[in-house]
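# Overview (structure and organization)
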Amino acid sequence: MLYAVVDIETTGGFASGNGITEISILIHDGVSVVDTFETLINPAQEIPEYIQALTGISNEMVMDAPLFEDIAEKIYELLHDKTFVAHNVNFDYSFVKHQLSLAGYELLCNKLCTVRLSRKLLPGHRSYSLGKLCSALGIELNNRHRAGGDAAATAILLGILLEADSEGIIKQSLSKISKEQALPPNLPKSEVDKLPLSPGVYYFKDQKGKVIYIGKAKSLKKRVCSHFTGNSITKQRQNFLKDIYSVDFEICGTELMAFILEASEIKKLWPENNRALKRFEQKYSLFAFEDQKGYIRLGIDKFKKNTPVLYSFNTILEGHNLLKALIKEHLLCEKLCFIQKNRQCCTAHEEGKCAGACLGKESAAAYNVRVKYAIDDLKLMLPTFAVIDKGRTEDEQSCLLVEQGKFYGMGYISHHTDINEPEQLKSALQPYPSNDYILHMIMSHTEQFPQKKIAI
């Protein structure tokens, strides 16, 4: 087997927006280096000053160097039938693959990461960065942060790893059924092996144990592994994968429960890599307040944080329809409910259906009695039901409870639990904050599976 030990220097940290300034390829036959290729490359863009200081490669040095497209054929011929080896292989591979694709070549080859292999075959080191690992192993590292020096040190490290591999771990890593080389460099394979195929929520954590991403899954193992497929070239994704050191999870009975738990956990922990749910906000709500004349006013307005609401809606039309139903049922004043704004008095008063609260003809005390009845009636109008589905094991069933139009909580109950006893049911459930996003998911689910909904 032939290995291509590769190291590159670049203008930045992600392939889609940056170029390669230098590449070194050492062909290794498992015993020694048998061929080499090294060159500066004109990246066709400015090299940032801090990178010039790090690598020592200046704009002037690459001015007359070949463009990548000029040497793409040579690089492809060296790499395409070898095992691609690098320290944090997905970084180097993503750049080389991207540049080759721009030149019309599709690179598809096995990969070996010397960071991952070193953690397995040479355990116990405090750091597995190339510089510190070479120092610990006595590997001479010349021209640090230059492609030739780093590639030469990585080739020596590869030789040490091949000698230390008495159990055939490298061969296992390269087998077609092994996905280990696709894993982030700092995530042990054991972390993925422990994941079940059940629905649930998973938590990616950094080196300090801080949660940096939360996701939900129909199958935990399959979904987690899907994060690591392909060779993403965006800065955000590469930094994200590099920061993953461990995975925690919580099994859920159903995919719906996983959706709800994910939404609740994101709102609680605000991981830096979760964005979609962070942007979710309720849109419209029904409010009640007492004005300066003592009248209780009902109205639909945009949702306001930290303000008590009677009910929330996805659209203002939905809110107005509910409010109009309350007005009609309890003879409330359309003007005091902000349904009519451009008239001196409401239509209902003209039709004799309203006592004229908007004109001061009905006292606040008398009018407020009907408003309070309307609010109580609203609570009765709002649905209370349970969603019963399969549990995590055959000995239990999952239960979600919606009480008066708000999500109360969820959990697991026995098959003998009396669902029609709300207090007994609530004692077995974990309360969760309710919002329109979660309620919409539950309502959509019950519309699709009405047999799982039990009115209480």
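Right, let's walk through the structure included here. Model, not experiment: these values are computed from the prediction.

What counts and what doesn't
The written sequence of each chain sets the order in which its residues are numbered from 1. Local features in a predicted model are, by the rule used here, given only for residues with pLDDT of at least 70; side-chain atom pairs are given and counted only at 80 or more, and totals for whole chains, interfaces and linings are based on all residues. Processing note: side-chain calculations cover all non-hydrogen atoms of the structure and skip hydrogens and water entirely. For the purposes of this section, nonpolar cores are sets of buried Ala, Val, Leu, Ile, Met, Phe, Trp, Tyr and Cys residues that join through side-chain atoms within 4.5 Å. Burial classification: accessible surface area is computed with a 1.4 Å probe over protein chains only, and a residue below 20% of its type maximum counts as buried, one above 50% as exposed, and the rest as partly exposed. Helix and strand assignments come from DSSP, with helices taken as H or I runs of at least 4 residues and strands as E runs of at least 2, each series counted from the N terminus. Here a residue-residue contact requires only that any non-hydrogen atoms of the pair lie within 4.5 Å. We call two strands paired when DSSP finds no fewer than two bridges between them. Axis definition: a line fitted to C-alpha atoms, over the contacting stretch in the case of helices. Angles run 0 to 180 degrees between N-to-C directions. Computed over the protein atoms alone on a 1 Å grid, cavities are sets of points where a 1.4 Å probe fits but cannot get out and pockets are open sets with protein on both sides within 12 Å along at least five of seven lines; a residue lines them when it has an atom within 4 Å of a point. Grid points are joined across faces, edges and corners, and a volume is the space filled by probe spheres set on the points. The cut-offs work like this: below 35 degrees is roughly parallel, past 145 is roughly antiparallel, 65 to 115 is roughly perpendicular, and the gaps in between are oblique. Three residue categories are used. Nonpolar comprises Ala, Val, Leu, Ile, Met, Phe, Trp, Tyr, Cys and Pro, charged comprises Asp, Glu, Lys and Arg, and polar comprises the others, including Gly. Crossing handedness is defined as follows: a turn of the near helix away from the far one that is anticlockwise and smaller than a right angle gives a left-handed crossing, while the clockwise case is right-handed. Helices are assigned an expected span. That span is 1.5 Å times one less than the residue count. Pairs were defined over the aromatic rings of Phe, Tyr and Trp, the Trp ring being its six-membered one, requiring ring centres within 6.5 Å. Orientation was assigned from the angle between planes: stacked under 30 degrees, edge-to-face over 60, tilted for the rest. The working definition used for a salt bridge is a side-chain nitrogen of Lys or Arg within 4 Å of a carboxyl oxygen of Asp or Glu.

## Considerations on the nonpolar core
- In this structure, Ile-23, Ile-25, Ile-75, Leu-79, Phe-84 and Val-96 are the most contacted members of the largest nonpolar core, which totals 50 residues.
- It is helix H3 (residues 68-79) that contributes the most residues to this core, seven residues altogether.
- In this structure, Leu-79 is in contact with Ala-4, Val-6, Ile-25, Phe-84, Val-96, Leu-107 and Cys-109, ignoring residues within four places of it in sequence.
- Within the second largest apolar cluster, 47 residues are counted, among which are Val-201, Leu-256, Met-257 and Ile-266.

## Digging into the sheet that holds strand S16 (residues 453-455)
- Overall, antiparallel pairing links the five strands, which are arranged S15-S14-S13-S12-S16 in an open sheet. Two strands bound the open sheet, and with one partner strand each, they are strand S15 (429-431) and S16. Ignoring strand direction, the axes of neighbouring strands in this sheet form an average angle of 25 degrees.
- As defined by bridge partners, strand S13 (residues 397-403) adjoins strand S14 (residues 406-413) across seven bridges and the pair is classed as antiparallel. If you follow Ser-398 over to S14, its bridge partner there is Tyr-412.
- Here helix H12 (residues 255-269) sits on the sheet in contact with S13 and S14, set at roughly 125 degrees to S14.
- Where helix H17 (residues 436-448) meets the sheet, it contacts strand S12 (385-390), S13, S14 and S16, and its direction lies at approximately 70 degrees from that of S12.

## Points about the sheet that holds strand S6 (residues 200-205)
- Spatial strand order, S7-S6-S8: three strands in an open sheet with antiparallel pairing. Single-partner strands in this sheet number two, and they are strand S7 (211-217) and strand S8 (246-251). Averaged over all neighbouring strand pairs, the angle between strand axes comes to 20 degrees, with direction disregarded.
- Packing against the sheet, H12 makes contact with S6, S7 and S8, and its axis sits at approximately 165 degrees to S7.

## Side note on the layout of surface pockets
- Of the voids in this model, the largest pocket is the one considered here, and its volume is about 1200 Å³.
- Lining the largest pocket are 45 residues; nearest its centre among them are His-87, Asn-88, Phe-91, Asp-92 and Lys-242.
- Among the elements of the structure, strand S1 (3-10), helix H1 (49-55), helix H4 (89-102), helix H5 (114-121) and helix H11 (235-242) are those that each provide at least two residues to the lining of the largest pocket.

## Observations regarding the packing of H12 against H17
- For the pair H12 and H17, interaxial distance at closest approach is 10 Å and the crossing angle is 175 degrees. Taken together, the axes of H12 and H17 are roughly antiparallel relative to one another. Facing Leu-256, Phe-259, Ile-260, Ala-263 and Ser-264 of H12, the residues of H17 in contact are Tyr-437, Ile-438, Met-441, Ile-442 and His-445.
- Of the residues that constitute the contact of H12 with H17, the class distribution is eight nonpolar, two polar and no charged.

## Points about the packing of H5 against helix H7 (residues 147-164)
- Closest axis-to-axis distance for the H5/H7 pair is 10 Å, and the angle between their directions is 40 degrees. Crossing angle aside, the handedness with which H5 passes H7 is left-handed. For the pair formed by H5 and H7, the contact residues are Thr-114, Leu-117, Ser-118 and Leu-121 on the first element and Thr-154, Leu-157, Leu-161 and Ala-164 on the second.
- A breakdown of the residues in the contact of H5 with H7 according to their chemical character gives five nonpolar, three polar and no charged.

## A closer look at H7
- End to end, H7 covers 25 Å across 18 residues, agreeing with the expected 26 Å (1.5 Å per residue, within 8%).
- All buried positions along H7 are accounted for by Ala-147, Gly-148, Gly-149, Asp-150, Ala-151, Ala-153, Thr-154, Ala-155, Leu-157, Leu-158, Gly-159 and Leu-161.

## Looking at the packing of aromatic side chains
- Scanning the model with the defined rule gives twelve aromatic pairs in all.
- Summarising the aromatic geometry, the rings of Phe-407 and Tyr-432 are spaced 6.3 Å apart at their centres and angled 25 degrees between planes, so their arrangement reads as stacked. Of this pair, Phe-407 sits in strand S14 while Tyr-432 sits in the loop between S15 and H17, placing them 25 residues apart in sequence. For the pair Phe-407 and Tyr-432, one class covers both residues: buried.
- Grouped by ring-pair contacts, the aromatic residues Tyr-202, Phe-204, Tyr-213, Phe-228 and Phe-240 constitute a single cluster.

## Regarding H4
- End to end, H4 covers 20 Å across 14 residues, agreeing with the expected 20 Å (1.5 Å per residue, within 8%).
- Burial within H4 is extensive, with ten of its 14 residues counted as buried.
- What H4 keeps buried is the set Val-89, Asn-90, Asp-92, Tyr-93, Ser-94, Phe-95, Val-96, His-98, Gln-99 and Leu-100.
- The secondary structure elements touched by the buried residues of H4 are S1, strand S2 (20-28), H3, strand S4 (83-86), strand S5 (111-113) and H11.

## Some points on the pattern of salt bridges
- Taken as a whole and judged by the stated rule, the model has 14 salt bridges.
- Of the charged contacts in the structure, one is a salt bridge between Asp-248 and Lys-205, with a shortest N-O distance of 2.6 Å. One end of the pair, Asp-248, is in strand S8; the other, Lys-205, is in strand S6, with 43 residues separating them in the sequence.
- Glu-265 is paired through a salt bridge with Lys-268; the nearest N and O atoms lie 3.0 Å apart. Here Glu-265 and its partner Lys-268 are both found in helix H12, three residues apart, which amounts to about one turn of the helix.
- For Glu-265, a relative accessible area of 12% gives the class buried.
- By relative accessible area, which is 57% here, Lys-268 ends up exposed.

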